[in-house]
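Notes for the structure review
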Amino acid sequence: MCRCKAARRDALPQKLRITLEKKGRRGKAVTVIVGLPLDESELAAAAKELKARCGTGGRAKDGTIELQGDRVEMVRMWVSEQGMG
C-alpha cells in the first residue's frame, strides 16, 4: 500500500467499537474497546476507571482497551455516560 493511502486512512476518525473476543485467548472472553477519541494518557485513565467499575483486570494498549470477561453492557453504559457514543 502506498504511503498516501495509509496516511489518509489514519487521518479518518475511527468509529467506536465494543466487541467481545474469544478467539486466540484460550476460550477466555475479553471485551475490546477500539476507537475512543482519547490520547494515550487519557486512554490509560479510562482503562483504570473501567477496570475499577467492572471489578476486573485489563489494560490499555495500542489505542485499545481490553477488559477481562464479558463487560460489553457495562462499557456501553460508561461510554454513553461520558458522551462519547
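Considering a negative patch on the surface
Taken together, Asp39, Glu40, Glu42 and Asp62 make up a surface patch of like negative charges. Tracing the sequence through the fold places Asp62 in the loop between strand E3 (58-61) and strand E4 (64-68). Owing to a relative accessible area of 68%, Asp62 belongs among the exposed residues under this scheme.

Considerations on the pattern of salt bridges
Note on pairing: side chains with opposite charge can pair once their charged atoms come close. Tallying each qualifying case throughout the model produces five salt bridges. Residue Arg25 pairs with Glu21 through a salt bridge whose shortest N-O separation is 3.0 Å. Glu73 is the salt-bridge partner of Arg76, the closest N and O atoms lying 3.0 Å from each other. You can see Arg76 and its partner Glu73 sitting in helix H3 (residues 72-82), three residues apart, about one turn around the helix. Through salt bridges with shared partners, a single network forms among Glu21, Arg25, Arg59 and Glu66.

Focus: the nonpolar core
Counting residues in hydrophobic clusters, the biggest one holds 14 residues, and the most contacted among them are Ile33, Leu50, Ile65, Leu67 and Val75. Going through the elements one at a time, helix H2 (40-54), E4 and H3 are the ones with two or more residues in this core. Looking at which element gives the most residues to this core, the answer is H2, with five residues. Setting aside residues up to four positions removed in sequence, Val75 forms contacts with Ile18, Thr31, Ile33, Leu50 and Leu67.

What to know about the sheet that holds E4
Two pairing modes exist for strands in a sheet, parallel and antiparallel, and in both the strands are linked by backbone hydrogen bonds. Judged by pairing direction, the sheet is antiparallel, and its four strands sit side by side in the order E1-E2-E4-E3 without closing on themselves. Edge strands, defined here as strands with exactly one partner in the open sheet, are strand E1 (17-21) and E3. Averaged over all neighbouring strand pairs, the angle between strand axes comes to 15°, with direction disregarded. With four bridges connecting them, strand E2 (residues 30-34) and E4 associate as antiparallel partners. Bridge assignment links Ile33 to a residue of E4, and that residue is Ile65. The strands touched by H2 within the sheet are E2, E3 and E4, with E4 carrying the most contacts at an inclination of about 20°. Against the sheet, H3 touches E1, E2 and E4, its axis set at about 165° to E1.

So, the packing of H2 against H3
Contact pair H2 / H3: the axes reach a minimum separation of 11 Å and the direction vectors enclose 130°. When the axis of H2 is compared with that of H3, the two are oblique. Relative to H3, the crossing made by H2 is right-handed. For the pair H2 and H3, contact is made by Ala46, Glu49, Leu50, Arg53 and Cys54 and by Met74, Val75, Trp78, Glu81 and Gln82, respectively. For the contact of H2 with H3, the class distribution of residues is six nonpolar, one polar and three charged.

Rules used throughout
Residues numbered from 1 in each chain as written. Predicted model: local features only at pLDDT ≥ 70, side-chain atom pairs only at ≥ 80, totals over all residues. Heavy atoms only, no water. Patch = residues over 30% accessible without salt bridge, like charges linked within 9 Å, V, L, I, M, F, W, Y side chains within 5 Å. Areas by Shrake-Rupley, 256 points an atom, 1.4 Å probe, with all protein chains shown as cover. Salt bridge = Lys/Arg side-chain N within 4 Å of Asp/Glu carboxyl O. Lys, Arg positive; Asp, Glu negative; His and termini not counted. Charge placed at Lys NZ, Arg CZ, Asp CG, Glu CD. Helix = DSSP H or I, 4+ residues; strand = E, 2+ residues; numbered from the N terminus. Buried < 20%, exposed > 50% of the residue type's maximum accessible area, 1.4 Å probe, protein only. Core = buried A, V, L, I, M, F, W, Y, C linked by side-chain atoms within 4.5 Å. Contact = heavy atoms within 4.5 Å. Pairing = 2+ DSSP bridges. Axes fitted to C-alpha atoms, helices over the stretch in contact; angles between N-to-C directions. Parallel < 35°, antiparallel > 145°, perpendicular 65-115°, else oblique. Left-handed = near helix turned anticlockwise from the far one by under 90°. Nonpolar A, V, L, I, M, F, W, Y, C, P; charged D, E, K, R; others polar.

Nothing here speaks to function; it is all geometry.
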